Amino acid sequence: MEQLATLDDLPKRYLGQLEESNLVPLWPSLRNVLPPHKPMPQTLATAWYFKDIKPLLLEAGELTPIEKAERRVLVLANPGHGLENMKASSVMYLGMQLLLPKEWAPSHRHTPNAVRLIVEGEGAYTTVEGQKCVMEHGDLILTPSGLWHEHGHDGDEPVIWLDVLDLPLVYYIEASYVQPGELQKVVSAGNAHFYGAGIVPTTHFIRENASYPMMRYAWKDTKKVLHALAEDQNHQAPIQVAYVNPETGQDCQNIIGYSALMLRPNETVQLQPRSTAQVFHVIDGQLHIKMDQKEFSLSKADTSCAPCFSHIDLINTSDQPCYLFIADEAPLQRKLGLYSVRERH
Ligand code: 1HN
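Residue positions are given per chain, counting from 1 as you read along its sequence in written order. Only residues with pLDDT of at least 70 are given local features in this predicted model, and only at 80 or more are side-chain atom pairs given and counted; all residues enter the totals for whole chains, interfaces and linings. For side-chain calculations, the full set of non-hydrogen atoms in the structure is used, while hydrogens and water are omitted.

An unreviewed UniProt entry lists the protein chain under the name Cupin domain-containing protein, from Acinetobacter guerrae.

Right, here's the structure in full:
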């Protein structure tokens, strides 16, 4: 492609006149906004290690009372986006949140969608629109856009979870805001038990308003399904399941997609390059991850991020299974007609 003229090729006087009229020449920036063949992501291949996060998060528990934090979170920021911008990728926000015994993170609702993936500790719960969701290791809990949610803790040990939000995107489009709320009355324990059995009460009318029929995806159920797939002789592809809306079979949220992947002992999975950034979080096991030129060795509770179109190898380096939680931007990109997958070469 032709090299284009730069700002330096223009007289200062001319640039001054442009600025006075709020005008900008396109050609010096054209190759930046429209790079050849693939995007030039700011997102860098990055890893965050739980051994670094945990002591600092527990110290935050001593330094800042929950009343002064509302949500006690250390944000996993991608240096490629500038730490202060609190982005893992252009769309995804990641944070590790700490709730101590007896603490309460008050009810609110906001426009960004959130999920929580429970990392450590027992006894905490999230109430979403009156549905009390217990939080156990590996569980996925949805708190979709516009729904009231709060966190409480009846147990006796610190609980830590990973928050994933589409905050960077929602903030960028100037659509991000919150409303404070009142303590919620718990009205139910959710619908997961009937979806798992393939049945619903005959009085069940959720299908007419099926956006978020299920808030908690229990890890013990997901793990069982992953192992069943691993044993299925007909199943050739990677052992990966998508978290979906059980009423519609569609992605469980509108913007970020979520899945769980199991690597058998010593298995390597080569992912095809795709048009969205991805986040990998180790639910359990040992993972060596190669992303283009970078490599990271991850253990339980570690998290990493890969930019779009990376060549990614997921390598289980141990003789135990490795379980990953994966987040990507595919639902958003599919809706916009921008999603693509390429061949590995
Ligand atoms: C939020 O509402 C929670 O409810 C956690 O636990 C992290 C980060 C940014 C904006 C809202 C929560 C958040 C958040």
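*Asks:* Lay out the sheet that holds strand 21 (residues 322-328) with the relevant residues and their values.
*Replies:* Taken together, the six strands give an open sheet; going across it, the order is 1-19-16-21-14-13, and neighbouring strands pair in antiparallel fashion. Looking at the sheet topology across the chains shown, the edges are occupied by strand 1 (46-48) and strand 13 (239-242). Put simply, the sheet's adjacent strands are angled 20° from each other on average, direction ignored. Two strands qualify as a pair provided DSSP detects at least 2 bridges between them. Strands here mean DSSP runs of E at least two residues long; helices mean DSSP runs of H or I at least four residues long; both are numbered from the N terminus. Here strand 14 (residues 257-263) runs beside strand 21; their pairing, made up of seven bridges, is antiparallel. What sits directly across from Gly-257, in strand 21, is Asp-328. The axes are straight lines fitted to the C-alpha atoms, using for helices just the contacting stretch, and the angles between their N-to-C directions are given from 0 to 180°.

*Asks:* Break down the pattern of salt bridges for me, citing the residues and quoting the values.
*Replies:* Salt bridge, as used here, is a side-chain nitrogen of Lys or Arg placed within 4 Å of a carboxyl oxygen of Asp or Glu. Taken as a whole and assessed by the stated rule, the structure comprises nine salt bridges. Across the salt bridge formed by Asp-163 and Arg-116, the nearest N and O atoms sit 2.3 Å from each other. A residue pair is termed long-range when its members are at least 10 positions apart, and Asp-163 in strand 10 (residues 159-165) and Arg-116 in strand 5 (residues 114-120) qualify at 47 residues. Note on accessibility: Asp-163 and Arg-116 belong to one class, buried. For Arg-216, the salt bridge goes to Glu-136, with nearest N and O atoms at 3.6 Å. With Arg-216 in strand 12 (residues 216-217) and Glu-136 in the loop between strand 7 (131-134) and strand 8 (140-143), this pair connects stretches of sequence that are 80 residues apart. Overall, the relative accessible area of 38% leaves Glu-136 in the partly exposed class. Through salt bridges with shared partners, a single ionic network connects Glu-136, Asp-139 and Arg-216. Residue exposure (1.4 Å probe, protein chains only): buried if accessible area is under 20% of the type maximum, exposed if over 50%, otherwise partly exposed.

*Asks:* Residues and numbers for the UniProt feature "domain: Cupin type-2" (unreviewed entry) in the protein chain, please.
*Replies:* UniProt positions are given in the numbering used here, feature names are shortened, and annotations may be inferred rather than shown by experiment. Under the feature "domain: Cupin type-2" (unreviewed entry), the UniProt entry names residues 97-164. Structurally, residues 97-164 comprises 0% helix and 60% strand, and the distance from its first C-alpha atom to its last is 11 Å.

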